[in-house]
Amino acid sequence: MDIEIAALHQNHTWDLIEQPFDVNIIGYKWVYKLKHKPDGSTKRYKARLVTKRYNQTYGLDYFETFIPVVKAVTIRIILTIALSFKWKFNSLMFIMLS
C-alpha cells in the first residue's frame, strides 16, 4: 500500500483541497491481488486504491467519465510510424509516455 500511495503522489494523481459543503464525498477501498509465477509460487503482492463508484449518482456526482488508457502496442505503432517518417522527438514526449 505504501508503494502504491507513493506512486500516486509521484504521478500527481490528485490534489488535496478543502471539502465544499455541497459536494458528496465518494469513498475508496483497497483491492489486493497476488501475482504468481508459472510454478504457482508467489511472485509479488499488489495493492490498488479504487473509488467506491457505486455510491455515485449520474448528474449529481458526475456528468461524464474519462479514463486515459493507452496500450503498449499503440505506442509502438506510433513510434514506428514516426521513425519511418523521420519525425523528431523531444524529451517531453518520452516523459509523457512513461
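Scope of this entry: the structure provided in the associated data block. (Residues numbered from 1 in each chain as written. Predicted model: local features only at pLDDT ≥ 70, side-chain atom pairs only at ≥ 80, totals over all residues. Heavy atoms only, no water.)

## Structural notes on the environment of Lys29
Here Lys29 is to be found in strand E1 (residues 28–36). Its relative accessible area of 37% is what places Lys29 among the partly exposed residues. In sequence terms Lys29 and Lys52 are 23 residues apart; their C-alpha atoms lie 6.8 Å from each other. When sequence neighbours within four positions are dropped, the list of residues in contact with Lys29 reads Arg48, Leu49, Val50 and Lys52. (Helix = DSSP H or I, 4+ residues; strand = E, 2+ residues; numbered from the N terminus. Buried < 20%, exposed > 50% of the residue type's maximum accessible area, 1.4 Å probe, protein only. Contact = heavy atoms within 4.5 Å.)

## Observations concerning helix H2 (residues 72–84)
A rise of 1.5 Å per residue sets the reference length of H2, with its 13 residues, at 18 Å; its end C-alpha atoms lie 18 Å apart and thus fit the reference within 8%. Just downstream of H2, Lys86 is the residue with a positive phi angle, here 55°. (Expected span 1.5 Å × (residues − 1).)

## Brief notes about a nonpolar patch on the surface
On the surface, Val73, Ile77, Ile81, Phe85 and Trp87 cluster together into a nonpolar patch covering about 510 Å² of accessible area. Tracing the backbone shows Ile81 in helix H2. When its relative accessible area of 37% is taken as the criterion, Ile81 is described as partly exposed. (Patch = residues over 30% accessible without salt bridge, like charges linked within 9 Å, V, L, I, M, F, W, Y side chains within 5 Å. Areas by Shrake-Rupley, 256 points an atom, 1.4 Å probe, with all protein chains shown as cover. Salt bridge = Lys/Arg side-chain N within 4 Å of Asp/Glu carboxyl O.)

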